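Listed below, chain by chain, are the residues.
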Amino acid sequence: MTNEEKLQKFKALQELINGPEADEFLNYWDGRFFTGDMTFIMDNVPFNMFFYKGKMIDVFIGQPSNGYNVGISGDAEQWNAFFEHRNFQLATSVKHCDRPFTNLGSALANRQNNAVIAQVARLTAKAFCD
Amino acid sequence: MANITGTYIDVKGIKTYYETNNGPKNPHGTLVCLHTAGREGRQYHGLMEYFADKYTVVAFDMPAHGKSWPLPGLTGIKTKEEYGEFTWAFIQALGIEDPIVVGCSVAGNMVYYLAENYPVRAMVSMQGSPQILAMQTSYGTTVDLLDNPYVSCQHSHWDFSESLIGRYAPKEAHDHIMWGVCQEIGRTKKCDLSLYNNYDVTGDLDKITCPSLLIRGTDDWNVPDHYYETAIKGMVNCPKLEWKKVEGYGHFIAVEAPEIVGELIDNFLNEANA
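This one's a predicted model, so the numbers in the text were calculated from it and none came from an experiment. (Residues numbered from 1 in each chain as written. Chains lettered and ligands numbered in written order. Predicted model: local features only at pLDDT ≥ 70, side-chain atom pairs only at ≥ 80, totals over all residues. Heavy atoms only, no water.)

### With respect to empty space enclosed by the protein
Residues and elements named next belong to chain B.
Now for step 1: Taken as a whole, this structure holds 2 cavities of 30 Å³ or more when the rule is applied.
Now for step 2: The computed volume of the largest cavity comes to approximately 130 Å³.
Now for step 3: Around the largest cavity sit 16 residues that line it, and Ser105, Phe160, Lys189, Leu193 and His251 are the ones nearest its centre.
Now for step 4: Among the secondary structure elements, those contributing two or more residues to the lining of the largest cavity are helix H5 (153–164) and helix H7 (186–196).
Now for step 5: Taken together, the residues of the lining of the largest cavity break down into 7 nonpolar, 6 polar and 3 charged.
Now for step 6: In terms of lining, the second largest cavity is formed by His35, Thr36, Met62, His65, Ile77, Tyr83, Val106 and Asp192. (1 Å grid on protein atoms, 1.4 Å probe; cavity = no way out; pocket = protein on both sides within 12 Å on 5 of 7 lines; lining within 4 Å. Points joined across faces, edges and corners; volume = space filled by probe spheres on them. Helix = DSSP H or I, 4+ residues; strand = E, 2+ residues; numbered from the N terminus. Nonpolar A, V, L, I, M, F, W, Y, C, P; charged D, E, K, R; others polar.)

So, in structure tokens, the structure goes:
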């Protein structure tokens, strides 16, 4: 998949998060509290999403202008493994995973937003694979 | 329906809340149930119901959990030695002479220690391990953040707890587990996870000489098979040792499937005492 094709998948993710998944994302996963950048790096290419109160406003290829806020980074093998099992906690666990995703941004910001990032990652899997 | 009642007892100077199903005295022993990290004894209401007419089941809230008072300094138990002393003091305070210790998660770990060091009648470890050493990794940073004033303990553990629940867990059990997340206290959870992740009793596993039942809900990715294999390898002096896997259920198996857990325990104790 080319980077442009991946970007189109992220645009499909935007439709998903703002559409049929919005209620669960905002209310069960507390996405309504999330405003700011969330970046998923795939094979060294950053896909940056900007949210306002849980609504996904924009997505582009590139680093956020103020540096990484929250997100994860992995290579194709790591993302493919995640797309298969879709367990964010397993994919980021240094206790259980030989090659966990790398967190972007501060440990504090990632801890604060753990549930939101997890759900965006799962919906990314859905947008890419289903 | 079981007649579950709760009250307080003084244990080592700590006002400690416990519940019992007021079930009949069973010659196999009295079930003393120990809850998972950050939670409390209500996790065993399902087991109390299941054994309403068969066993006395007791569950207490560890210090700083549920309705029990914290330790001095507004904190919880941080070491296996303290945990063992407190649990045994509770058992003695209630006058239980035939304790079967039943634990899940951090308590599933701790029952190994209890069986190594105290004269328990039998042990049941669910989702437990005799060895987890992760506090020296970057995971320790995560644990340290649990009582950070800028982190919501509940929100930061929401997805983690959700991920541990098995696919067959009924909705009521799922909701009870997630409500448990909502009620967690950051500094309490930090104590529990510090204990959980800095734990190694493998060197004394050969001291366990009581019947031992190990249960694993296989949907729990957090407690893999090799934790059990490590335990079994060292438990060379158990008169009866069984490992039962339960498909489709997860980390909170006593909440998710109390009937299955109850049946496993009952069968095990009947065979161990035959």
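### Thoughts on the interface of chain B and chain A
How big an interface is tends to be stated in terms of the accessible area lost upon association of its parts.
Now for step 1: Taken together, the contact between chain B and chain A spans 27 residues of the former and 21 residues of the latter.
Now for step 2: For the pair chain B and chain A, the two sides together bury roughly 1900 Å², of which 61% comes from carbon and sulfur.
Now for step 3: When the buried surface of chain B facing chain A is broken down by residue, B:His155, B:Asp159 and B:Trp221 rank first, second and third, together holding 37% of it.
Now for step 4: Where chain B touches chain A, the interface holds 1 salt bridge.
Now for step 5: A salt bridge links B:Asp159 to A:Arg122, with the nearest nitrogen and oxygen atoms 2.7 Å apart.
Now for step 6: Counting across the interface, chain B meets chain A through 10 residue pairs in polar contact (both at pLDDT 80 or more). (Contact = heavy atoms within 4.5 Å. Buried area = accessible area lost by both parts, 1.4 Å probe. Salt bridge = Lys/Arg side-chain N within 4 Å of Asp/Glu carboxyl O. Polar contact = N/O pair within 3.5 Å; in protein donor to acceptor, adjacent residues only side chain to side chain.)

### Structural notes on helix H10 (residues 258–272) of chain B
Now for step 1: A rise of 1.5 Å per residue sets the reference length of H10(B), with its 15 residues, at 21 Å; its end C-alpha atoms lie 21 Å apart and thus fit the reference within 8%.
Now for step 2: Along H10(B), the positions that sit buried rather than exposed are B:Pro258, B:Val261, B:Gly262, B:Leu264, B:Ile265, B:Asp266, B:Phe268 and B:Leu269. (Expected span 1.5 Å × (residues − 1). Buried < 20%, exposed > 50% of the residue type's maximum accessible area, 1.4 Å probe, protein only.)

### Here's the deal with the packing of aromatic side chains
Now for step 1: With the rule as written, the count across this model stands at 24 aromatic pairs over all chains.
Now for step 2: Taking 5.6 Å as the distance between ring centres and 75° as the angle between the ring planes, the aromatic pair formed by A:Phe34 and A:Phe51 counts as edge-to-face. Of this pair, A:Phe34 sits in the loop between helix H2 (22–28) and strand E1 (36–42) while A:Phe51 sits in strand E2 (residues 45–52), and the two are 17 residues apart along the sequence. Like A:Phe51, A:Phe34 is buried.
Now for step 3: Ring centres of B:Tyr8 and B:Trp69 lie 5.9 Å apart, and the angle between their planes is 85°; this geometry places the pair in the edge-to-face category. Of the two residues, B:Tyr8 sits in strand E1 (residues 5–11) while B:Trp69 sits in the loop between strand E4 (57–60) and helix H2 (80–93), which places them 61 residues apart along the sequence.
Now for step 4: On the accessibility criterion, B:Tyr8 (34% relative accessible area) is partly exposed. (Phe/Tyr/Trp six-rings, centres within 6.5 Å; stacked < 30°, edge-to-face > 60°.)

### Description of H5(B)
Now for step 1: Helix length check: H5(B), at 12 residues, gives a terminal C-alpha distance of 17 Å against a target of 16 Å (1.5 Å per residue), a fit within 8%.
Now for step 2: When H5(B) is considered as a whole, its buried residues turn out to be B:Cys153, B:His155, B:Ser156, B:His157, B:Trp158, B:Asp159, B:Phe160, B:Ser161, B:Ser163 and B:Leu164.

### Some details on the nonpolar core
Residues and elements named next belong to chain B.
Now for step 1: In terms of nonpolar packing, the biggest core is built from 53 residues, with Phe60, Tyr83, Phe90, Tyr112, Met123, Ile208 and Met235 touching the most fellow members.
Now for step 2: For this core, the element with the highest residue contribution is helix H3 (residues 106–117), accounting for 8 residues.
Now for step 3: In contact with tyrosine 83, not counting residues within four places along its chain, are Leu34, Met62, Ile77, Ala107, Met110 and Leu195. (Core = buried A, V, L, I, M, F, W, Y, C linked by side-chain atoms within 4.5 Å.)

### Observations concerning the layout of surface pockets
Now for step 1: Its boundaries defined by the atoms lining it, the largest pocket holds a volume of some 520 Å³.
Now for step 2: Along the walls of the largest pocket sit 27 residues, with A:Thr92, A:Asn103, A:Arg111, A:Asn114 and B:Thr142 positioned nearest its centre.
Now for step 3: At the level of secondary structure, the elements contributing two or more residues to the lining of the largest pocket comprise helix H4 (88–91), strand E5 (102–105), helix H5 (107–112) and helix H6 (114–129) of chain A together with helix H4 (139–144) and H5 of chain B.
Now for step 4: Residue composition of the lining of the largest pocket, grouped by class: 10 nonpolar, 15 polar and 2 charged.

### Quick look at the pattern of salt bridges
All names here are of chain A.
Now for step 1: Within this structure, the stated rule accounts for 23 salt bridges over all chains.
Now for step 2: As a salt-bridge pair, glutamate 21 and lysine 126 come within 2.7 Å of each other at their nearest N and O atoms. Placement of the pair is glutamate 21 in the loop between helix H1 (3–18) and H2 and lysine 126 in helix H6, with a sequence separation of 105 residues.
Now for step 3: Judged by its relative accessible area of 12%, glutamate 21 falls in the buried class.
Now for step 4: On the basis of relative accessibility, which here comes to 32%, the residue lysine 126 falls in the partly exposed class.

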